[in-house]
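# Commentary on secondary and tertiary structure
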Amino acid sequence: MSDLTRRGLLRRAAAAGVLAAPAASLTAACALGGGTSNDQAKGSADAKNPLGVKEDAPLEVVIFAGGFGEDYAKAHEAMYTGRHPAAKINHSSTQEISKTLQPRFVNGTPPDVIDNSGAGAIDASGLIGQNALTDLGDLLDAPSIDDPKTKVRDTLLPGTVEVGTYDGKTFVLNYTYTAYGIWYSTKLFADRGWQYPKTWDDHIALCKTIKAAGLAPWTYPGKHPRYMSWPVIATAIKLGGLDVTRNIDNLEPNAWKSDPMRQAADAWHQIVKDGYILDGSAGLDHIQSQTAWSQGKAALVSCGSWLENEQKKVTPDGFAMALAPTPSLGKGDRLPFEAIRGTAGEPFVVPAKATNARGGLEYLRVMLSKKGAKDFTQKVASLTAVKDSTDGVDLPVGLRSVVKALDASGKNGFNWVYQIYYRKLERYLVDAACGEFFSGRAGPEEFLNQCQRGADEIAKDGTVKKYRRG
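## Points about the overall build of the chain
Broken down by element type, the chain carries 19 helices and 11 strands. Dimensions along the principal axes, computed over C-alpha positions, put the chain at roughly 70 × 50 × 35 Å. Taking all 470 residues of the chain together, 60% fall into the buried category. A separation threshold of at least 6 residues defines the contact pool for the chain, and within that pool the share at least 24 residues apart is 78%. Within the structure as shown, the chain displays about 18200 Å² of accessible surface, and the carbon and sulfur contribution to it stands at 49%. Side chains of the chain carry 55 positive and 52 negative charges; the gap between the two charge centres is 2 Å.

## A look at the packing of helix α18 (residues 423-438) against helix α19 (residues 444-460)
For the pair α18 and α19, the least separation of the axes is 9 Å and the interaxial angle reads 165 degrees. When the axis of α18 is compared with that of α19, the two are roughly antiparallel. Read as a crossing pair, α18 and α19 show a hand that is right-handed. Of α19, the residues touching α18 (which contributes K424, L425, L429, V430, A433, C434, E436 and F437) are P444, F447, Q450, C451, G454, A455, E457 and I458.

## Concerning the side chain of T94
By secondary structure assignment, the location of T94 is in strand β2 (residues 89-94). When its relative accessible area of 15% is taken as the criterion, T94 is described as buried. A distance of 2.9 Å separates a polar side-chain atom of T94 from the backbone nitrogen of E96. Not counting chain neighbours up to four residues away, the residues in contact with T94 comprise V62, I63, F64, A65 and T100.

## Remarks on the packing of aromatic side chains
The final tally for this structure, using the stated rule, is 23 aromatic pairs. Plain terms: the ring middles of W293 and F319 are 5.0 Å apart, the flat faces sit at 85 degrees to each other, and that makes the pair edge-to-face. With W293 in helix α12 (residues 286-294) and F319 in the loop between α13 (307-310) and β9 (321-324), this residue pair connects regions lying 26 residues apart in the sequence. The structure contains a cluster of three or more aromatic residues connected by ring pairs, namely F68, Y72, Y175, F348 and F376. Over the aromatic face of Y180 sits the side chain of R341, whose NZ or CZ is 3.9 Å from the ring centroid.

## Examining the pattern of salt bridges
Taken as a whole, this structure holds 17 salt bridges when the rule is applied. Put simply, E362 and R83 hold a salt bridge, and the shortest N to O gap is 3.5 Å. On the criterion of sequence distance, the pair formed by E362 in helix α14 (residues 357-367) and R83 in helix α2 (residues 71-83) is long-range, its members being 279 residues apart. Under the relative-accessibility criterion, E362 is labelled buried at 0%. Take R83: its relative accessible area is 35%, and that puts it in the partly exposed class. Residue E436 is joined to R441 by a salt bridge in which the shortest nitrogen-to-oxygen separation is 3.1 Å. Each of R83, E362 and R365 takes part in one network of salt bridges that share partners.

## With respect to the pairing of strand β10 (residues 341-349)
Counting buried positions along β10 yields 9 of 9 residues, so the element is predominantly enclosed. Bridge analysis of strand β3 (residues 113-115) against β10 gives 2 bridges, and the strand direction is antiparallel. Counterpart to D115 in the pairing with β10 is F348. Sheet analysis places strand β6 (residues 173-185) next to β10, joined by 7 bridges and oriented antiparallel. The partner of Y180 across the bridge, within β10, is R341.

The rules behind each value
- Residues numbered from 1 in each chain as written.
- Predicted model: local features only at pLDDT ≥ 70, side-chain atom pairs only at ≥ 80, totals over all residues.
- Heavy atoms only, no water.
- Helix = DSSP H or I, 4+ residues; strand = E, 2+ residues; numbered from the N terminus.
- Buried < 20%, exposed > 50% of the residue type's maximum accessible area, 1.4 Å probe, protein only.
- Contact = heavy atoms within 4.5 Å.
- Areas by Shrake-Rupley, 256 points an atom, 1.4 Å probe, with all protein chains shown as cover.
- Lys, Arg positive; Asp, Glu negative; His and termini not counted.
- Charge placed at Lys NZ, Arg CZ, Asp CG, Glu CD.
- Axes fitted to C-alpha atoms, helices over the stretch in contact; angles between N-to-C directions.
- Parallel < 35°, antiparallel > 145°, perpendicular 65-115°, else oblique.
- Left-handed = near helix turned anticlockwise from the far one by under 90°.
- Polar contact = N/O pair within 3.5 Å; in protein donor to acceptor, adjacent residues only side chain to side chain.
- Phe/Tyr/Trp six-rings, centres within 6.5 Å; stacked < 30°, edge-to-face > 60°.
- Lys NZ or Arg CZ within 6 Å of the ring centre and 35° of its normal.
- Salt bridge = Lys/Arg side-chain N within 4 Å of Asp/Glu carboxyl O.
- Pairing = 2+ DSSP bridges.

This is the structure:
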């Protein structure tokens, strides 16, 4: 596609706020079997095998069974065995990464590659604090598969390496590039004569119209309510500027209770108190709420750009989903309506005590080839962090809307990283506060107070290493 040139995609990645952000270290619940590498599968390095993979060493790959499925991983595994035909691949997938794999870290028998994603992911900062992950420096400095004169690190979009870097060393490879916003069906809106709202007043007016038509304006995953924290924070950032998220990321006193956050919370509370949320949403998980949306029971849903692939089995033909930014609160917003959040995500790791850690690094090198990246995009309708990997790819309608939104956002893109610095803060403390807020059990003030108490708890915990975003 003409708009997916190298220059355009690089510009979008840089503009959408992919941050040079180390992650924090939370105290692990138990020892995770850290220490020096247990790699027993080292071979001789040469031009064809720069990472020194032992050709007949088995490779175990564990994939998160989430929105991207696992077909893409099987394709990558086939590419790996094409380069190392004597290697046997042991593939498995699970939605419970932590429950399944943490015992194996403890006893020193982890897999060779892990897609450490989903609600049940193992806290990466805890793994790093226990020296349980392999430094990916050798991978990043290895020659790329497509061009032996180019290092792997130089084939990646700006910010990709930094998002997985902790205290100067890279332990996490974030493979995808994700945009976050509000999703709607362009067919539904066209059929009803509705326009996606650019301002908050127009958003509320549209909610009234949608409700009068017998549909719910909104639904959300009540079992993972942090999905709704994303548009609230985005609204505040667009109103108050990047200092809003910088202060949250840095655990500044009362950052969650700033005036922009207060105004954003007040605004979003209106969809709760006026009954603009689908009945029963508080009891739904992300798949159930998104399916209700796909079925036309609700018009709007908050999600990242993995949504299209996650819902492809239940999305009706012609649904034509599209991603849009959060509406602007008013003319005083520091950032324009088009500003949208974007970042690298879907973290892959190689355990330090993997039997075939060199093979794990090689597997990631295969993933980061143009063929591996293009195959991923074609299979799961998501951008990767690999430069030039979308050239010539026929993207589905939802992903085309993501590209369009990132282009429109330009230099006004933004992101936040507190959930990387302090995973507990988003996954448990903010998540719980959002559950109370969007179910109607707490008002805006108590919602922000709960978030601030969670941040203060982390800030005062001397066992948690603190990081500052510049």
